[in-house]
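Architecture at a glance
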Amino acid sequence: MTIYLRTALASTLIFSLQGCGSYAKLKILGPNKTLGNVASAEPLGETDANSKAVPMAISLASFKTNIYQPILIPYCTSCHQTTFASSDIAAAHSAFLARVDLTKFDGVDKSLPVVKMKQGHNCWDATAKTCVTTMTDKMSLWLADLAKGGFTPTVSTYANLSSEVAMATTGIPTSLPIPDDYSAAGIDKAMLAAPFTKDSNDIDGPIKTYATSPIATVALAKANNAQAITFTLNAKSAGTYFVWARVKTPTSASKQFFVQANGKDTVPFLLPVTGSEWKWFQVMKTVNKVEGPYSFVAAAGAQSIKILFSQGGTSINQVVITTRSDFNGELFSTPYYDVSVPLTIPGVTGASLIATVWQNSTDVGKKSIGVKHLKISSPVPLHIKGIYPLLNGAYNANQSSYKQIDAVAGGTDATKSFITSPDDAAAIWLADYAADKLSFGFDVLEVAK
Ligand code: HEC
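Residues numbered from 1 in each chain as written. Predicted model: local features only at pLDDT ≥ 70, side-chain atom pairs only at ≥ 80, totals over all residues.

On to the overall build of the protein. Secondary structure assignment for the protein yields seven helices and 26 strands. Relative to its full complement of 449 residues, the protein shows a buried share of 31%. At a minimum sequence separation of 6, the contacts of the protein that also span at least 24 residues come to 73%. (Helix = DSSP H or I, 4+ residues; strand = E, 2+ residues; numbered from the N terminus. Buried ≥ 20, exposed ≤ 12 C-beta atoms within 10 Å, placed from the backbone. Contact = placed C-beta atoms within 7 Å.)

For the rest of this paragraph, the subject is the pairing of strand β15 (residues 290-293). Taken together, the four bridges between strand β14 (residues 284-287) and β15 define a ladder with antiparallel strand orientation. By the bridge assignment for β15, Lys 285 is matched with Gly 292. Once β14 ends, the chain turns through two residues before running back antiparallel as β15, passing Asn 288 with a positive phi of about 50°. (Pairing = 2+ DSSP bridges.)

The subject of this paragraph is the environment of Leu 374. You can see Leu 374 is positioned in strand β21 (residues 368-377). Under the C-beta neighbour-count criterion, Leu 374 is labelled buried, with 26 such atoms within 10 Å. The residues contacting Leu 374, other than those within four sequence positions of it, are Leu 353, Ala 355, Ile 419 and Thr 420.

Right, let's talk about unusual backbone geometry for a bit. Between Ala 194 and the following residue, Pro 195, the backbone shows a cis peptide bond with an omega angle of 10°. As for its position among the elements, Pro 195 is in the loop between β6 (191-192) and β7 (197-199). With a phi angle near 45°, Asp 101 is a residue other than glycine that sits in the positive phi range. Within the secondary structure, Asp 101 sits in the loop between α3 (89-100) and α4 (112-118).

This part is about the sheet that holds strand β17 (residues 301-309). The antiparallel open sheet is built from five strands, whose spatial order is β6-β9-β17-β11-β12. Edge strands, defined here as strands with exactly one partner in the open sheet, are β6 and β12 (266-270). With five bridges joining them, strand β11 (residues 256-261) and β12 adopt antiparallel strand pairing. Counterpart to Phe 258 in the pairing with β12 is Pro 268.

Turning our attention to the confidence of the model for the protein. Taken over all residues, the pLDDT of the protein has a mean of 83, while the share at 70 or more is 86%. The lowest-confidence element of the protein is strand β1 (residues 14-20), averaging 29 in pLDDT; the highest-confidence one is helix α2 (residues 56-80), averaging 97. Low pLDDT, under 50, characterises residues 1-52; the stretch is placed with 71 contacts to residues that sit more than four places away or in other chains. (pLDDT = per-residue confidence, 0-100.)

On to the pairing of strand β22 (residues 381-391), then. Pairing of β22 with strand β24 (residues 406-410) involves five bridges; the strand directions are antiparallel. Looking at the pairing, Leu 382 lines up with Ala 409 of β24. In terms of strand pairing, β22 meets strand β26 (residues 437-447) through nine bridges, oriented antiparallel. Across the sheet, Leu 391 pairs through a bridge with Leu 438, a residue of β26.

Counting 34 residues, the largest nonpolar core has Val 243 and Ile 316 as the members making the most contacts within it. Among the secondary structure elements, those contributing two or more residues to this core are β9 (228-235), β10 (239-248), β11, β17 and β18 (315-322). When near neighbours in sequence (up to four residues on either side) are disregarded, Val 243 contacts Val 259, Ala 261, Val 283, Tyr 294, Ile 305, Val 319 and Ile 321. Within the second largest apolar cluster, 31 residues are counted, among which are Ala 355, Leu 382, Leu 391 and Ala 409. (Core = buried A, V, L, I, M, F, W, Y, C linked by C-beta atoms within 7 Å.)

On to α2. Here α2 contains 25 residues, and its C-alpha end-to-end distance of 22 Å is more than 12% below the 36 Å for a straight helix at 1.5 Å per residue. Residue Leu 72 marks the point of greatest curvature in α2, where the axis turns by about 65°; the proline Pro 74 follows within four residues. For α2, the full list of buried residues reads Ser 59, Ser 62, Phe 63, Ile 67, Tyr 68, Leu 72, Cys 76 and His 80. Where the residues of α2 are buried, they touch α3 and α5 (128-148). (Expected span 1.5 Å × (residues − 1). Bend = angle between axes of the 7 residues up to and from the residue.)

The following block contains the structure:
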């Protein structure tokens, strides 16, 4: 279904991304650039084979009052009028059943409509959480009516199940070192002058201190060299160097420094407001009204980078200089967790699958974890085919790429432990690291032949 939809979309519609509250909102523009309609190759009104056992009259009546009229018609018709938000209610109902798929049901929480709301997909409210809760509650009312009508969905089962572990109590924190191409220094190694002071009360990541100044300190429009944090960084070779810093800018009155390299060029370091978050930004410079990356030319050896006071309450934790233009600091400030899930394989003791994950987002209603890679710890190599990551026992179709895996991993050679390549682009799972439990099902899990 999704494939048909994507194909139809790709050929007829133009996408544009538009900000919507804190989430990116997908808006579809037709060829004439007016708001279009999500086309579908799925024939209208076709009854899904999976829904035969569902008591259709009960389902339709409950769908109408609980889901169709209060949610789908007001909020989804503009784009989904050819499927589940069709003006033909019978067609909308069968399209909705096809998406929920009651023959492989892992709970309302993992059903496609709720998952879409968790992704912040066209939420009608300012917070995605309202949409997640509303969709969950209304679908639960519909399922309760089906249950009263004598119907319960079929729950999926998975073969070769592993143990189930609570991620937060099992994960062992690890962090990535900043590679040699970059010269990094934390505030722990810097020299501070007033009004800057060191603090450590709200920082994540490997370096546990930062510098800040009292919010009430009078802002300076011009750099004052006496009010500085001085970092000494080592340039490995002569070259043109860019500068990045990890900062926190709580308000529009606390979002500025000046930056000075080797006592020369002083540039304002104007930042967006990050609120309570720590983020990496590159130091920029405006020349003839055009903003570009700030750089300085250095010989090999020690470089003095000064962060000068401008606005009280702006905080800084690390500085990086590099000749490379593609630094991604978030990678190095993120704590990763190795979550080890014990496997059950006849004749093998102590085998486990280790998922290296990080907490991707803690936005309300949009909890997710990033998955860096999966690897096997086992005394003997294992043959693994078709992996189903289960969160609280439920499988989610947005983890489907792992179904394709067919690999041999594990054994005494540590370099052969990876199932997914350590360099692969990471996956995102909708999961709450703090609360959810992780387990795995496998099509094949056996000692490699
Ligand atoms: C502004 C247009 C727009 C609105 C409004 C909109 N959607 Fe979507 N929807 C899309 C597009 C485009 C896709 C395909 C890309 C994707 O999967 O995100 C899609 C895909 C989906 C899918 C997965 C594909 C499918 O056909 O099943 C679901 C489920 C979905 N939307 C649910 C909803 C619900 C529920 C609402 C109303 C609360 C809604 N959408 C409102 C544009 C929209």
